[in-house]
Every structure is written in structure tokens, then in C-alpha cells.
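# Geometric and topological summary
Single-letter residue listing:
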Amino acid sequence: MTRLSVPKTYKLAIGGAFPRSESGRTYEVLAADGSFLANAAKASRKDARDAVVAARAAVAKWAGATAYNRGQVIYRIAELLEGRRAQFIDEISRTEGVSAAEASAQVDLAIDVWVWYAGWADKYAQVAGNANPVAGPYFNLSVPEPTGVVAAVAPQGVTGGSLLGIVSVAAPIILTGNTVVVIADEAAPLSAISLAEVLATSDVPGGVVNTLTGSPAEIMPWLAAHADVNALDLAGAGGLDGASGASWVDLQLAAAETLKRVLPPVAGVPRPALERISAFVETKTVWHTKSML
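Report on the accompanying structure. Computed from a prediction, not measured in an experiment: that's the story for all the values here.

## A word on a nonpolar patch on the surface
Together, Phe139, Leu141, Val143 and Val286 give the surface a local cluster of nonpolar side chains, amounting to about 290 Å² of exposed area. Overall, the relative accessible area of 36% leaves Leu141 in the partly exposed class.

## Remarks on the layout of surface pockets
Estimated volume of the largest pocket: approximately 320 Å³. In terms of lining residues, the largest pocket is bounded by 19 residues, among which Lys8, Thr9, Tyr10, Ala38 and Asn39 are the most central. Broken down by secondary-structure element, the contributors of at least two residues to the lining of the largest pocket are β2 (36-41) and α3 (85-96). Ranked by the residues each element gives to the lining of the largest pocket, the list is headed by β2, at 6 residues.

## A short note on empty space enclosed by the protein
For the structure shown, the criterion picks out 1 cavity of 30 Å³ or more. Ile166, Ala170, Val182, Ala192, Leu195, Ala196, Leu199, Val209 and Thr211 are the residues that line the largest cavity. For the lining of the largest cavity, the secondary structure elements donating two or more residues are α6 (164-175), α7 (190-200) and β7 (209-212). When residues of the lining of the largest cavity are assigned to their parent elements, the largest contribution, 4 residues, is made by α7. Here the residues of the lining of the largest cavity are counted per class, giving 8 nonpolar, 1 polar and no charged.

## Examining the packing of aromatic side chains
This model, assessed by the stated rule, comprises 3 aromatic pairs. Considering the side-chain rings of Trp116 and Tyr117, the 5.0 Å spacing of their centres and the 90° angle between planes classify their relative orientation as edge-to-face. Linked through ring pairs, Trp116, Tyr117 and Trp120 together constitute an aromatic cluster.

## Side note on the pattern of salt bridges
According to the stated counting rule, one finds 14 salt bridges in the structure shown. For Glu82, the salt bridge goes to Arg85, with nearest N and O atoms at 3.1 Å. The residue Lys123 makes a salt bridge to Asp122 at a minimum N-O spacing of 3.1 Å. Lys123 sits in the partly exposed class, given a relative accessible area of 43%. Taking relative accessible area as the criterion, Asp122 reaches 36% and is therefore assigned partly exposed.

## Overview of unusual backbone geometry
For Leu259, which is not glycine, the phi torsion reads 60° and is therefore positive. Along the chain, Leu259 falls in the loop between α9 (248-256) and β9 (261-263).

## Description of the nonpolar core
Ranked by internal contacts, the top residues of the largest apolar core, which has 50 residues, are Trp114, Leu163, Ile166, Val167, Ile174 and Val182. If you list the elements that add at least two residues to this core, you get α1 (45-64), α2 (67-83), α3, α4 (100-120), β5 (149-153), α6, β6 (179-183) and α7. Residues contacting Val182, with those up to four places away along its chain left out, are Ala152, Ala154, Ile166, Val169, Val209, Asn210, Thr211 and Leu212. Judged by nonpolar contacts, the second largest core, of 28 residues, contains Ala41, Ala43, Ala51 and Leu232.

## Focus on the packing of α2 against α4
Between α2 and α4, whose axes approach to 8 Å, the crossing angle comes to 165°. Regarding the angle of α2 to α4, the classification is roughly antiparallel. As for how α2 packs across α4, the hand of that crossing is left-handed. The residues of α4 that touch α2, namely those facing Gly71, Ile74, Tyr75, Ile77, Ala78, Leu81 and Glu82, are Ala110, Ile111, Trp114, Val115 and Ala118. Grouping the amino acids of the contact of α2 with α4 by side-chain chemistry returns 10 nonpolar, 1 polar and 1 charged.

## A few points about the sheet that holds strand β3 (residues 130-132)
Two pairing modes exist for strands in a sheet, parallel and antiparallel, and in both the strands are linked by backbone hydrogen bonds. Here we have 3 strands laid out as an open sheet, ordered β3-β4-β10, and antiparallel in their pairing. Each edge of the open sheet is held by one strand with a lone partner, namely β3 and β10 (281-289). Across the sheet, the mean angle from the axis of one strand to that of its neighbour is 25°, orientation sign disregarded. Of the pairings in the sheet, the one linking strand β4 (residues 138-146) to β10 comprises 9 bridges and is antiparallel in character. Within β10, the residue paired with Tyr138 across the bridge is Thr289.

What counts, and where the lines are drawn
Residues numbered from 1 in each chain as written. Predicted model: local features only at pLDDT ≥ 70, side-chain atom pairs only at ≥ 80, totals over all residues. Heavy atoms only, no water. Patch = residues over 30% accessible without salt bridge, like charges linked within 9 Å, V, L, I, M, F, W, Y side chains within 5 Å. Areas by Shrake-Rupley, 256 points an atom, 1.4 Å probe, with all protein chains shown as cover. Salt bridge = Lys/Arg side-chain N within 4 Å of Asp/Glu carboxyl O. Buried < 20%, exposed > 50% of the residue type's maximum accessible area, 1.4 Å probe, protein only. 1 Å grid on protein atoms, 1.4 Å probe; cavity = no way out; pocket = protein on both sides within 12 Å on 5 of 7 lines; lining within 4 Å. Points joined across faces, edges and corners; volume = space filled by probe spheres on them. Helix = DSSP H or I, 4+ residues; strand = E, 2+ residues; numbered from the N terminus. Nonpolar A, V, L, I, M, F, W, Y, C, P; charged D, E, K, R; others polar. Phe/Tyr/Trp six-rings, centres within 6.5 Å; stacked < 30°, edge-to-face > 60°. Core = buried A, V, L, I, M, F, W, Y, C linked by side-chain atoms within 4.5 Å. Contact = heavy atoms within 4.5 Å. Axes fitted to C-alpha atoms, helices over the stretch in contact; angles between N-to-C directions. Parallel < 35°, antiparallel > 145°, perpendicular 65-115°, else oblique. Left-handed = near helix turned anticlockwise from the far one by under 90°. Pairing = 2+ DSSP bridges.

What follows is the structure in C-alpha cells.
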């Protein structure tokens, strides 16, 4: 008996669930040779707002977890990604038009990025914080705290970056207790949604990572101006069309209206770096007496 294959439906990832776009819109994802691969949900303004609501609701629990626990959770993502590597190799090779070996190398790098950032989870505070010398019998301590909700654009159209790009953007943001709304590579979003499925089956609370697919030029201006978004990572926004009113400079200007911190675009895929960890933390300074006597 012959049977029909069951093609995968790629949806958005918001608040730990996988809804279709509220607008009902989809767009075709094509292979490197131009053949049809899948339909992906085309996120709307309402989807972006829903993602921000989910991200805001998840901040307290995720930021309240211990740094050691966040490191364990992030390491668990690497474990699950390792277990599903065959699926990711297939999706990457079809969308990017690379060999299985090249796709496998990208999956390896993505796993290594999760592990690298997991190792920093309970250590970055010692680097980003400080014990300040002050006059008087006091301890004066500066400690990093999460910024809140970060909106990010994954690298767009970068060969070798459909999975690695979104991992390299999201991992340092959530490491410190922030939550993120990230827009996947528009042309190659399949591995990003599969990654969201990995996150949903890991110990990451729903709403910590919210993944939207569709046009960054359409979605990002709403996120840049959203009053409940605290910061922007424009890693993949360098190629946005300024004629549409969505160049990265326009996004930065929109963000200034609500005093958001902004990371500018980078060429290619961001490399793991302590600077990306400390980019979205706020420094809290506290005083404490050295002795009650």
C-alpha cells in the first residue's frame, strides 16, 4: 500500500505554543535551486504584539532563576539539538543549498555556541560586576541585572547562518535572564522553527524565546517602537531597505523614543563574545555596612 508523505507545517513560536499567524498569511520557502520546500507563517503586527506580551510575562520567572540553573537549561538545549541533528542537517542543506557535511558543521557550531554561553551563565557577573572602593565602612557592589524584553533580528541570507545565526543572537540574550522576540532568516526560516520546537521540549519556560517568521522590514518597526520592548539587537538588520522606512538607522531612531538600548548590525554571524552577554544587562549598585559595631 502506498502512502502520502506528511509535510511539516511551520508555524510561529509564541509563549511556548505554535500558532499560525493571526492574519492567516503564509509565504513560500524555496530551496536554493528555486524549488518549493514549505509554507511558513508570515507574522503580522498582532503576532509581534502577542510575542511581546508572552516575553514580558516570562521575564519574572526566567530572571528569578539562579544563574547556575539558567546554565543547566541552556546546556540542555545543546543536548536536545545534538539528538535531532539529522533533521537540522536536512533542513539546512535544502534551504541553503550546501552539502550535508557543511550543514553538519553548522549544526556542530550551533551546539558549541549553546555550550559556550552555558558555561558563562554563573561566571559573567564576576566580570560584568565589581566591588567598588569607597571611603567609609561600607561594601559598595555593582551587579548586572537583566534588561527585560529584547527584540532581535537574526542574520538574513547568510550562507552557514540559518541556524547558527539565530542561536548566536538568542543565546547571549537569554543567558542573563532576558527574554527575546527574534525574527528568523526570512529566506531560510525552517531550522529556526525546528529550534523553537527543541526549546519547547527543553526546560526553557514558555515565552523566553519567541520566534517570528516573515519580513523583518515589516515586523521590526513595530517592535522598535513598542513601549514594552526594552532593547534591540539589530544583528541581521544591516540589509533592510531604507526606502521602506525600515533601515537599521530608522529602527534605532524609533527605539530612541522609548530609550531602548540598541546593538547595531554585524556582518555575517555574530561570534560568541562576552560583549554580547553584557550588552543587555543593567548595572545595579548597592551599599551595605561592613559591621554593625
